[in-house]
Each structure stands twice: as C-alpha cells, then as structure tokens.
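# What the coordinates show
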Amino acid sequence: MNKRTTKWAWLFLTPQLVGLIIFSLIPVAIAIGLSFMSWDGFGARTFVGIQNYINQFANPDFWTATYNTLLYTLLTVPIGLSLALVLAVALNKRTGKNVYRLFFFMPVVTSSVSVSVMWMWILNGDIGILNQVLGMIGMQRPNWLTDTRIVMLSIAVLSIWWQLGYNMVIFLAGIQNISKSYYEAAQMDGASKVQQFLRSHCQCFLQRRFFCLLWRLSVPSKCLTKRLS
C-alpha cells in the first residue's frame, strides 16, 4: 500500500482501536490487577497475592461451573459449526438464497428477552408446546428446564438454533468467494464431490472457520464468568 492508502486505513481503524483499548484492554488489565487484591468495591485495597486464586480453586462451585462450561462447549461448538457449514453449502446451490439467508439470520438479531420467552414457552414442562406434542403421541413429557439430566441439552439446542444463522452467513460468504477455477481444476483431476468439497471449500475459507470457532468459543467463557460472578 502507498502512504496515502496507509493514512486512510489508520484513520478508519483509529476509532475501533481506541474503543478496543479503552473498553477492553484497559478493563482487562485493571481486572487482573484487582484479582491480586482483597477489595469489596469500597474502601482500601489490600494486596493478597494469589490467595484469591487459591480460594477460587478450592471452591467446589468453581469446578462445577467449569465442568458445565466445558460440557456446554462440547455440545454447541462442534455441532453448531458443522450444521452451519452444511446449511451454507446447501443454500449455495439453491435459487433465492437471499431469502433463506434472511430466514436463518432472523434469530441472531432477535432480542435475548424474546428468544428466552419463546423457548421457555416451548420447553415448559406443564404447558410447553413440545410436551403437548409428545403427549399426543403417547411419549413421556420431561421437564426440559428443571431436570438436571437434560437441562444442559435444552440450553445447547437453544444456543445452536440462536447462533446458527450467523455462522451460516459467514460460511456462505466464504463459499461464494471461491473461484470457479478451483472446481474446474478439481473436476479435471477427476475428483469426486467429496474431494471437491474438501479441496475447495474447506481449504479456501479457513480464516472464516477460524473466526467462527473463536467467536463460538468466546460464548461459553462469558457464561462461565456469569456463573462465577
């Protein structure tokens, strides 16, 4: 890039960088510093070293929250990304993909309150629509939101549904940016459909898959923070 282009790039990047430093990096640095102190939010602070970490590791609630977070991650990240990739590949071959893309992306921009109310109505053990359907076909009606054996599965399904459209749109944009020359070269080499997918799709938008992976992994970590707070 020439100097003029570099100046414009920094001009547009500066507001985002300033926000990142002020609202993300500085608070993280302050939080790390406070973690070595005993402080109730008021009054003087007392330096205690790593005692806070020792207390946290000795707390059974910490390990319970960590286990639930890891389980939630294993249930949502691989399945969510895999479904998003399959949907992106399927929609790329259909006409009117913009309509489908809007349909799948709508839950992403829906408020968390609306999503919570809707799924609480669906999964309610007494009057939920899911249990009503199960009752009509003679199946057992579990308590999806109160039974400790299946509540994590219920939350995972909600999370996958809620964020599926976001990952799908990212993957679909990557697929649409793949040059046709990749497909033509694969066909000339006698590659099967599966081989074409592995060579063209999976290798040509690795950055997008890595971005979605990092973004999905950040969600369970936020949940762990909320459980410990």
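Owing to the predicted nature of the structure, the values given are computational and were not obtained by experimental measurement. (Residues numbered from 1 in each chain as written. Predicted model: local features only at pLDDT ≥ 70, side-chain atom pairs only at ≥ 80, totals over all residues. Heavy atoms only, no water.)

## Remarks on the environment of threonine 73
Here threonine 73 is to be found in helix H3 (residues 60–92). In the structure, threonine 73 is positioned 83 residues away from alanine 156 in sequence and 8.6 Å away in space, judged by C-alpha atoms. For threonine 73, the side chain forms a polar contact with the main-chain oxygen of threonine 69, separated by 2.8 Å. (Helix = DSSP H or I, 4+ residues; strand = E, 2+ residues; numbered from the N terminus. Polar contact = N/O pair within 3.5 Å; in protein donor to acceptor, adjacent residues only side chain to side chain.)

## Observations concerning the pattern of salt bridges
If you walk through the whole model with that rule in mind, you get one salt bridge. Salt-bridge contacts for aspartate 147 lead to arginine 149; the nearest nitrogen and oxygen are separated by 2.9 Å. Among the residues examined, aspartate 147 registers a relative accessible area of 18% and is labelled buried. (Salt bridge = Lys/Arg side-chain N within 4 Å of Asp/Glu carboxyl O. Buried < 20%, exposed > 50% of the residue type's maximum accessible area, 1.4 Å probe, protein only.)

## Regarding the packing of aromatic side chains
Inspection of every chain in the model, using the stated rule, returns seven aromatic pairs. For the ring pair phenylalanine 57 and phenylalanine 62, a centre distance of 5.3 Å and an interplane angle of 75 degrees mean the geometry is edge-to-face. Judged by relative accessible area, phenylalanine 57 falls into the partly exposed class, the value being 46%. Taken together, Phe57, Phe62 and Trp63 form an aromatic cluster joined through their ring pairs. (Phe/Tyr/Trp six-rings, centres within 6.5 Å; stacked < 30°, edge-to-face > 60°.)

## Some words on the confidence of the model for the protein chain
For the protein chain, the mean per-residue pLDDT works out to 80, and 84% of the residues sit at or above 70. Averaged pLDDT values for the elements of the protein chain fall to 61 in helix H10 (residues 206–228) and rise to 89 in helix H2 (residues 51–57). Every residue in residues 224–229 is under pLDDT 50, and counting partners more than four places away or in other chains gives ten contacts. (pLDDT = per-residue confidence, 0-100. Contact = heavy atoms within 4.5 Å.)

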